[in-house]
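Here is how the chains run, residue by residue.
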Amino acid sequence: MFQDIQLDDLLEQQKNGHTLVDVRSPGEFAESTIPGSINIPVFDDEERAEVGTLYKQAGQKAAKERGLEIFSAKLPQFIAEFKKISTPMSVFCWRGGMRSKTAATVLDLMGIHANRLSGGIRSYRQWVVSELEKGEFPPELIVLNGYTGSGKTVLLKKLAAEGFPIMDWEGMAGHRGSIFGQIGLNPSKQKKFDSSLVQAMMCFKNSPYVFVEGESKRIGKVTMPDFMYQKKENGLQIFIDIPVGERIKNILNDYQPWKDPEQFLEAFQRIKRRIHVPVAKQIEADLMEKKYESAILLLLTYYYDPRYEYGISQYADSQKLTIHAADNDDAFNQLYALAKKHLSDSVKFN
C-alpha cells in the first residue's frame, strides 16, 4: 500500500534521485510544479474541465463515475509511463486528493510502489510563500549590468559553467526583460517564478556571493520579491561595456527577429509613442523591410541606451566596477580574472 510523505522528506529524497511525478493536467503542470518533477497526468486539460463541470452540475458521484471511465481507457498507457521510471518515486496532485490517491492505488495494484505527497502541491506552494516572506538570503549579490545587447546572460551561463554560483532570473521568468523579451519564449507565471527562485535560494544559501543580472523589479509577467530586488540594488554593480556593433550581433543572435517579424512589429507598437516621431517611423519602416541591424541601432540609440544611462547614474561610484571589452569573449576573460582575483569566501561589498 502506498504511503503519504511530508514535504520536507520529499524534498530531501529528491536530492538523492527520488523521482517526483505530477499527475495533474498538462496545463496545471505548465503553470507551476515542483522543480525537477515530470508530468504523467491522470486527465488532460479537456478531460479535467469536463469532470470539473460535471461535478458542479451533477454532483460528486457523477463526476467520479465519468472520471473513472476516462481514466480506465488510458490505464495501460498510464502504467507504461511509470514503468519507465527506474528510481523510487512519489506522486502528487493539487491537494493530495483523488487524482494522486487514484494514481498511487493503481500503481500499487500493478506492483509499482509510489509514495503520495501529503497536501499535494498546495503544501509546496505554502512553503515557497513562507520562505519568500522570511526575506532571508545571506549571500552578497554581484550584479552584471550593461547596455542592451552586452551579453550579460551569456556571461552568467559561462560563469555557471566554470562553477561560479549564479541565479538566472530571466531564465526563471521565461523573459529577456525587454519589450521584445517574450518573443520565442514561454513566459512564466508568478507561482513558477517564485518556485524557481526559492529553489535557487536553497541551493546557494551558503555561498558567500551569487552572480545575477541587473534586472528591473518586473521581468515579463512576474515580479521580483522586494527583499531580493533591494539586495540586488545594494550589491556590487559590474558594468560590461562592449562596442555597439558587437551588441547588435548579440541581439540578432539572441532574438532572431526574421523568424517572427510580425511579433516584433507588434511589440514595437507598445513603445513607439515614447520615441521621437521621425525616428519611430524609421524604426517601424526598417522592421517592415526587415532591415534589422538598422532598426536595432536606432532602438539602442534613442530608446534603450538613454534609459540605461539614467539607471546607472543612481549607483554610487564606490559601488561600481566597469569592464571595457572588445567582445563577449574578452568580457568574460576579464570578468573571470576579476572574479578569481577579488572574490573569496569572506567577500563583502556592503
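Refer to the structure above for everything that follows.
Residues numbered from 1 in each chain as written. Predicted model: local features only at pLDDT ≥ 70, side-chain atom pairs only at ≥ 80, totals over all residues. Heavy atoms only, no water.

**Student:** How do you make sense of the pairing of strand β6 (residues 140-146) when you look at a structure like this?
**Tutor:** Taken residue by residue, a regular strand's side chains alternate between the two faces of the sheet. Most of β6 is tucked away, with seven of its seven residues classed as buried. Residues of β6 alternate between two faces, with E140, I142, L144 and G146 on one and L141, V143 and N145 on the opposite face, all of them buried. Sheet topology note: the β6/strand β10 (residues 236-241) ladder contains five bridges and is parallel. The residue bridging V143 from the neighbouring strand is Q237, located in β10. (Buried < 20%, exposed > 50% of the residue type's maximum accessible area, 1.4 Å probe, protein only. Helix = DSSP H or I, 4+ residues; strand = E, 2+ residues; numbered from the N terminus. Pairing = 2+ DSSP bridges.)

**Student:** Would you explain the packing of helix α13 (residues 277-288) against helix α14 (residues 292-312) in this entry?
**Tutor:** A pair of packed helices can be characterised by two numbers: the angle between their axes and the separation between those axes. Where α13 contacts α14, the two axes come as close as 8 Å, and the packing angle between them is 150°. Taken together, the axes of α13 and α14 lie roughly antiparallel to each other. Our pair here, α13 against α14, has a crossing hand that is left-handed. Between α13 and α14, the residues in contact are V279, Q282, I283, D286 and L287 and Y292, S294, A295, L298, L299 and Y302, respectively. A breakdown of the residues in the contact of α13 with α14 according to their chemical character gives eight nonpolar, two polar and one charged. (Axes fitted to C-alpha atoms, helices over the stretch in contact; angles between N-to-C directions. Parallel < 35°, antiparallel > 145°, perpendicular 65-115°, else oblique. Left-handed = near helix turned anticlockwise from the far one by under 90°. Contact = heavy atoms within 4.5 Å. Nonpolar A, V, L, I, M, F, W, Y, C, P; charged D, E, K, R; others polar.)

**Student:** Any chance you could explain the pattern of salt bridges here in plain terms?
**Tutor:** When the charged atoms of two side chains with opposite charge come close together, those side chains can pair. Under the criterion given, the structure shown has 20 salt bridges. Measuring nitrogen to oxygen at the nearest pair gives 3.0 Å for the salt bridge that ties R116 to D4. Of this pair, R116 sits in strand β5 (residues 115-117) while D4 sits in strand β1 (residues 4-5), and the two are 112 residues apart along the sequence. Taking the relative accessible area as the measure of exposure, D4 reaches 44% and is therefore partly exposed. Note that K134 is salt-bridged to E131, the shortest N-O span being 2.9 Å. Taken together, the positions of K134 and E131, both in helix α6 (residues 120-134) and three residues apart, correspond to about one turn of that helix. Classification of K134 by relative accessible area gives partly exposed; the value is 48%. You can call E131 buried: its relative accessible area is 12%. (Salt bridge = Lys/Arg side-chain N within 4 Å of Asp/Glu carboxyl O.)

**Student:** Any chance you could explain the nonpolar core here in plain terms?
**Tutor:** Counting residues in hydrophobic clusters, the biggest one holds 33 residues, and the most contacted among them are I34, F137, L141, M167, W169, L197 and M228. If one sorts the elements of this core by residue count, helix α9 (residues 190-204) sits on top with six residues. Here M167 is in contact with F137, L141, L156, M172, L197, A200, M201, F204, V210, F211, V212 and M228, once residues within four sequence places are set aside. Within the second largest apolar cluster, 24 residues are counted, among which are Y255, A267, Y292 and L298. (Core = buried A, V, L, I, M, F, W, Y, C linked by side-chain atoms within 4.5 Å.)

**Student:** What is the right way to read the sheet that holds strand β11 (residues 320-324) from this model?
**Tutor:** Hydrogen bonding along the main chain pairs the strands of a sheet, whether they run parallel or antiparallel. The strand order across the open sheet built from four strands is β7-β6-β10-β11, with neighbouring strands paired in parallel fashion. The sheet terminates laterally at β7 (209-213) and β11, the two strands that pair on one side only. Within this sheet the neighbouring strands show an average axis-to-axis angle of 25°, counted without direction. Both β10 and β11 contribute to a ladder of five bridges, which runs parallel. Each bridged residue has a counterpart across the sheet, and for I238 the counterpart in β11 is L321.

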